[in-house]
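Spelled out, the chains give:
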Amino acid sequence: MASPPEHVDAAMMQINEIVETMETEHDRRALLKLLQEFVEEEEVDIDAKRPHRDTIEDIREFVRDLVPVSGEVSDEKVNLPTTGDFADFTAKNSMHVDSFLYDEAKMDELVEEGVLSFHYCDNCGSKRIRPLMLHSHSLPVDAMDFLFDFMLTEEECQGKALLDVGSRTGIMLYYAALYRNNLKSIAGVELSQQFCDVQTKTLEKFYMKDKVDIICGDAFKAPALDRLKSSDILIFNNVFQFFHDEDAQKAAWAQVQEHAKPGAVIISVPSLEHTFEQLGMQLDAKWLKVVPVEYPSYASDEAKMVFMYRVRTEEEVARAAPKKIIKKVVKKPASKKTEAKAEDETKCVKCDE
């Protein structure tokens, strides 16, 4: 099991220091009771904010039975990165585990049952000796909660059309259908027919089929492209890096920049700045602006990898454009040869117009 985050360790140390300064057992019990009441109040607030937590857990269990433990399906084309953060990942030394379907406790259970192993032999490939490097194409539950608590709020989603590009098992779609009834529409586009089937079965099982559209195909071809052009919220959860080579990734982002509507919100994991840097590209500040989000102290590392942007409108692009520098030209006494051409007017020092 992973150790607690640093801020949790620091808080525990501070509490222990306070307890040690207390002289009586009565005072110590009073402090612990106060902390317990605080925790109980927080749990009530969370339950009120997330009334569908039990349904989400049921969905996780249902989808786990529909896909392999690896979370990858046979008609999915995986292309491990050769550069950037995951350049040292290979089919031999790495493994995909869907972090939404399998949290750490569930993975530990699978290891104990012998279903999963986090090690491999560097010689024969047996997963026993060296630790595997894990990666996931999904957000864990706490990061999903954070996304809908702090970014895709009810106010942000009001009357909007949401599109999840590369929807895979459909986790983003289920959250949107359960927690944001005020969305105008919810859709997912996915290349894998097997994942589209998983989404269909899950939506039918949990009575959400009439709330979500599934588009099985290429995001940059009709009919998905029309949906991309018209959507107000676009979600890209590391959608290209593990499935396309660098040239194809660059082409994909160029398509997004060309077709995303002005004013649309883009949710990206990881940040687009980091994604573009890995591809040797530079994010065009005239295209997007960062939407600042205040990450709470309890936000997990995965939650802090979720970023929000807004596509600039034409008016914003115009306002952001550099202004021409206008300079008054001081007329000097003209000679007889140039007197006819001399004019008293203002000129732009950049374009001489």
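All of these numbers come straight from a predicted model, not from anything done at the bench. (Residues numbered from 1 in each chain as written. Predicted model: local features only at pLDDT ≥ 70, side-chain atom pairs only at ≥ 80, totals over all residues. Heavy atoms only, no water.)

A. Focus on the overall build of the chain. Per the secondary structure count, the chain includes 12 helices and 13 strands. Relative to all contacts within the chain whose residues are 6 or more apart in sequence, the contacts with residues 24 or more apart total 71%. Here the chain has roughly 20900 Å² of accessible surface; of this, 52% comes from carbon and sulfur atoms. (Helix = DSSP H or I, 4+ residues; strand = E, 2+ residues; numbered from the N terminus. Contact = heavy atoms within 4.5 Å. Areas by Shrake-Rupley, 256 points an atom, 1.4 Å probe, with all protein chains shown as cover.)

B. Structural view of the sheet that holds strand 11 (residues 307-311). The sheet built from 7 strands is open, its strands ordered 7-6-5-8-9-11-10 with mixed pairing. Among the strands making up the open sheet, the edge pair consists of strand 7 (212-216) and strand 10 (288-290). Between one strand axis and the next, the sheet turns by 20° as a mean value, whatever way the strands run. (Pairing = 2+ DSSP bridges. Axes fitted to C-alpha atoms, helices over the stretch in contact; angles between N-to-C directions.)

C. Representation of the packing of helix 5 (residues 141-151) against helix 7 (residues 171-179) in the model. Where helix 5 meets helix 7, the closest approach of the two axes is 11 Å, and the angle between their N-to-C directions is 45°. Relative to helix 7, the element helix 5 lies oblique. The hand of the helix 5/helix 7 crossing is right-handed. Seen from helix 5, the contacting residues are Val141, Met144, Asp145, Leu147 and Phe148; seen from helix 7, they are Ile171, Met172, Tyr175 and Ala176. Residue composition of the contact of helix 5 with helix 7, grouped by class: 8 nonpolar, no polar and 1 charged. (Parallel < 35°, antiparallel > 145°, perpendicular 65-115°, else oblique. Left-handed = near helix turned anticlockwise from the far one by under 90°. Nonpolar A, V, L, I, M, F, W, Y, C, P; charged D, E, K, R; others polar.)

D. Region of interest: helix 7. Taking burial as the measure, the 9 residues of helix 7 include 9 buried ones, the bulk of the element. Along helix 7, the residues that are buried comprise Ile171, Met172, Leu173, Tyr174, Tyr175, Ala176, Ala177, Leu178 and Tyr179. (Buried < 20%, exposed > 50% of the residue type's maximum accessible area, 1.4 Å probe, protein only.)

E. Main features of the confidence of the model for the chain. Within the chain, residue pLDDT values average 81, and 79% of them lie at 70 or more. In the model, residues 328-351 has pLDDT below 50 throughout and makes 22 contacts with residues more than four positions away in sequence or in other chains. (pLDDT = per-residue confidence, 0-100.)

F. Structural detail: empty space enclosed by the protein. A complete count under the given rule lists 1 cavity of 30 Å³ or more for this structure. Approximately 70 Å³ is the volume found for the largest cavity. In terms of lining residues, the largest cavity is bounded by Phe236, Asn238, Val239, Phe240, Gln241, Gln249, Trp253, Ser268, Val269, Pro270 and Thr275. Residue assignment for the lining of the largest cavity shows that the elements contributing at least two residues are helix 10 (246-259) and strand 9 (265-269). Looking at the lining of the largest cavity residue by residue, the class counts come to 6 nonpolar, 5 polar and no charged. (1 Å grid on protein atoms, 1.4 Å probe; cavity = no way out; pocket = protein on both sides within 12 Å on 5 of 7 lines; lining within 4 Å. Points joined across faces, edges and corners; volume = space filled by probe spheres on them.)

G. Structural context of the nonpolar core. Residues Leu152, Tyr175 and Ile267 are the most contacted members of the largest nonpolar core, which totals 53 residues. For this core, the elements supplying multiple residues, two or more each, are helix 3 (53-64), helix 4 (104-112), helix 5, helix 7, helix 8 (193-205), strand 8 (233-237) and strand 9. Top element by residues in this core is helix 7. It accounts for 9 residues. Sequence-distant contacts of Tyr175, that is, excluding residues within four places in its chain, are made with Ile56, Phe100, Val141, Met144, Asp145, Phe148 and Arg180. By size, the runner-up hydrophobic cluster in this structure holds 27 residues, among which are Leu228, Leu234, Phe240 and Leu279. (Core = buried A, V, L, I, M, F, W, Y, C linked by side-chain atoms within 4.5 Å.)

H. Main features of the environment of Ile235. Looking at the secondary structure, you find Ile235 in strand 8. Residues contacting Ile235, with those up to four places away along its chain left out, are Leu152, Leu162, Leu163, Asp164, Val165, Met172 and Ile267.

I. Quick peek at the pairing of strand 5 (residues 161-165). Of all 5 residues in strand 5, 5 are buried, a share of seventy percent or more. Burial of the side chains of strand 5 extends over both faces: Ala161, Leu163 and Val165 are buried on one face and Leu162 and Asp164 on the other. Pairing between strand 5 and strand 6 (residues 185-190): 5 bridges, direction parallel. Residue pairing across strands places Val165 opposite Val189, the latter belonging to strand 6. Handedness of the crossover joining strand 5 and strand 6 through helix 7 is recorded here as right-handed. Pairing geometry for strand 5 and strand 8, over 4 bridges, is parallel. Each residue of the ladder has a partner; that of Leu163, found in strand 8, is Leu234. (Right-handed = clockwise from strand over helix to strand, strands pointing away.)

J. Molecular detail of the pairing of strand 9. Of all 5 residues in strand 9, 5 are buried, a share of seventy percent or more. The alternating pattern of strand 9 places Val265, Ile267 and Val269 and Ile266 and Ser268 on opposite faces, both of which are buried. Where strand 8 lies against strand 9, 5 bridges are found, and the strand directions are parallel. Each residue of the ladder has a partner; that of Ile235, found in strand 9, is Ile267.

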